[in-house]
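Letter by letter, the chains look like this.
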Amino acid sequence: ELRVISRTSAMHYKGTTKPLPEIARELGVAHILEGSVRRSAGHLRISAQLIDARADEHLWAENYETELRDVFRVQEQIARQVARALEVELGERGNASLVRQGTRDPQAYRYYQRARYLWNTRTKEGHRRAIEYYERAIERDSSYADAYAGLADTYRTAWQLNVSELPEAEVFTRSKWAAERALALDDKSADAHVAFAASLQTQKNWPGMERELLRAIELNPSHATARTWYGLLLAGMGRSREALEQSRRAYELDPFAVVPSGNYGWQCYLARDSDCAIDQYHRTLEIAPGYGRTHARLGFAYAQKGMLDEAVRALRTAIEYHPERPDFVADLAYVQALRGETAAARETLDRAKRDPFEPFNIGRAYVALREPDSAFAWLERSTWQWPHRAVLSDPALEPLRADPRFAQLTARVEREMGIR
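What comes next is a walk through the structure. (Residues numbered from 1 in each chain as written. Predicted model: local features only at pLDDT ≥ 70, side-chain atom pairs only at ≥ 80, totals over all residues. Heavy atoms only, no water.)

## Some thoughts on the overall build of the chain
Thinking step 1. The helix and strand inventory of the chain stands at 21 helices and three strands.
Thinking step 2. Here the C-alpha radius of gyration of the chain, 23 Å, is about what a compact globule of 420 residues would show, namely 22 Å.
Thinking step 3. Viewed in the frame of its principal axes, the chain has a C-alpha envelope of about 70 × 45 × 35 Å.
Thinking step 4. Counting across all 420 residues of the chain, residues that qualify as buried make up 52%.
Thinking step 5. The contacts of the chain with a sequence gap of at least 6 include a subset with a gap of at least 24, amounting to 54%.
Thinking step 6. In the structure as shown, the chain presents an accessible area of about 19700 Å², 47% of it carried by carbon and sulfur atoms.
Thinking step 7. In the chain, 60 positive and 60 negative side-chain charges are present, and the distance between their average locations comes to 2 Å. (Helix = DSSP H or I, 4+ residues; strand = E, 2+ residues; numbered from the N terminus. Rg over C-alpha atoms; globule rule 2.2 N^0.38 Å. Buried < 20%, exposed > 50% of the residue type's maximum accessible area, 1.4 Å probe, protein only. Contact = heavy atoms within 4.5 Å. Areas by Shrake-Rupley, 256 points an atom, 1.4 Å probe, with all protein chains shown as cover. Lys, Arg positive; Asp, Glu negative; His and termini not counted. Charge placed at Lys NZ, Arg CZ, Asp CG, Glu CD.)

Okay, structure coming up:
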């Protein structure tokens, strides 16, 4: 019943001098757990205090002296005392969550934390190092389900962001193996269900993916990644209102993480709310100015609002950051075509068609060029297992919707993904 801010966003305030009431307002929370950990050899000194941020009053405070090997027991003890101070009845599920330990090895746990942080940078180097740390965690504890889940996530997103050096088939094989291993080790791990959901995505099983994501959210309602990916899936299935709500909740849970923030902007765009999308993308760029996908999607939000000069600048910026991304080049052609720069758009499209290319983005560009035959030809070539290619929701495809071929295309997508 508690909305708990994700660690990524909580750690944004590490070492801050901001007043706690201001932090609480920024995060949209009523209480803050503050403290410190000091380590000397194998010894830990932990201080913790719970504060009612609205009244700026202490509800509870405690100091702990413990050995490093007992850190998980102390974590559970702190959590129970916080729950009592908040007068929260934990119930069976809450108690089970508190005593659940992904690993009993503190070193494996530290490797896992480092890997998760590096993965969230969404960079090539971050992915490479995250895989190394996940593998170290697994070497320390071969039964560590969350480490396998993290490994599966990292392989997959490295391929999605075009920063993997592995062939597509090997990426999917490794990711699927790690996800299945995680779920086999711990059926109560929300991370394992999220990773397994993504493996079902590559198997073109969207109903199974939805089932696994809902199970992850049931196990951990504050799982921002589960809600982010569920929002993407819902958008891919054409359920835009539900998608917007899930993405908004993910962003509220992790407002300083790039992916939940950017995906909330994407859902605003799909919901035809360009002002919301533009505002959200600017917030995302404050977190990660060099994240090319945000600039590319900002370009589409600008285009939706009719701000075509701004749209071109945003797409050119995305390409400057990621010149290897042909999908961004195709998106630039889309905006150039909207501006009436037909010759420039065709020239840009020729660049986008160089191998490797993404048919979906090229198809959208042909929509803007008002060539529906070419648009459908390229859309038919696209691979649909990635829900962010939201053929059922994308406003850029609006001019095609009255064409009978569009109904045939959406029926094909639904059939391939197991929706019907």
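From this point, things continue past the structure.
## Observations regarding the sheet that holds strand β1 (residues 31-40)
Thinking step 1. Pairing in this open sheet of three strands is antiparallel, and the strands run β1-β2-β3 from one edge to the other. Looking at strand neighbours, the two that pair on one side only are β1 and β3 (57-67), the edges of this open sheet. Along the sheet, successive strands turn relative to each other by an average axial angle of 10°, direction set aside.
Thinking step 2. Bridge analysis of β1 against strand β2 (residues 43-52) gives ten bridges, and the strand direction is antiparallel. Its bridge partner being in β2, Gly35 is matched across the sheet by Ala48. (Pairing = 2+ DSSP bridges. Axes fitted to C-alpha atoms, helices over the stretch in contact; angles between N-to-C directions.)

## Structural notes on the environment of Gly418
Thinking step 1. Looking at where Gly418 falls in the secondary structure, it is placed in the segment after α21 (404-416).
Thinking step 2. Between the C-alpha atoms of Gly418 and Glu320, which are 98 residues apart in sequence, the distance is 38 Å.

## Regarding the side chain of Arg116
Thinking step 1. Mapped onto the fold, Arg116 is located in helix α5 (residues 106-119).
Thinking step 2. Classification of Arg116 as buried rests on a relative accessible area of 13%.
Thinking step 3. Once residues lying within four places of it in the same chain are set aside, the contact partners of Arg116 are Tyr134, Gly150, Asp153 and Asp191.

## Some points on the packing of helix α14 (residues 274-287) against helix α15 (residues 292-305)
Thinking step 1. Following both chains from N to C, one finds α14 and α15 inclined at 155°, their axes separated by 9 Å at the closest point. In this view, α14 runs roughly antiparallel relative to α15, as classed from their interaxial angle. Of the two elements, α14 crosses α15, and the hand of that crossing is left-handed. Contact residues: α14 offers Ser274, Asp275, Ala277, Ile278, Tyr281, His282, Thr284 and Leu285, while α15 offers Thr294, His295, Arg297, Leu298, Ala301, Tyr302, Gln304 and Lys305.
Thinking step 2. Of the residues belonging to the contact of α14 with α15, the class tally is seven nonpolar, six polar and three charged. (Parallel < 35°, antiparallel > 145°, perpendicular 65-115°, else oblique. Left-handed = near helix turned anticlockwise from the far one by under 90°. Nonpolar A, V, L, I, M, F, W, Y, C, P; charged D, E, K, R; others polar.)

## Quick look at the packing of aromatic side chains
Thinking step 1. A complete count under the given rule lists eleven aromatic pairs for this structure.
Thinking step 2. Where Tyr112 meets Tyr144, the ring centres are 5.5 Å apart and the plane angle is 40°; that geometry is what we call tilted. Taken together, the residues span a long stretch of sequence, with Tyr112 in helix α5 and Tyr144 in the loop between α6 (124-140) and α7 (145-160) at a distance of 32 residues.
Thinking step 3. Judged by its relative accessible area of 10%, Tyr112 falls in the buried class.
Thinking step 4. Three or more aromatic residues joined by ring pairs make a cluster, and in this case those are Trp266, Tyr269, Phe300 and Tyr334.
Thinking step 5. Stacked on the ring of Trp266, the Lys or Arg Arg297 has its end atom at 4.2 Å from the ring centre. (Phe/Tyr/Trp six-rings, centres within 6.5 Å; stacked < 30°, edge-to-face > 60°. Lys NZ or Arg CZ within 6 Å of the ring centre and 35° of its normal.)

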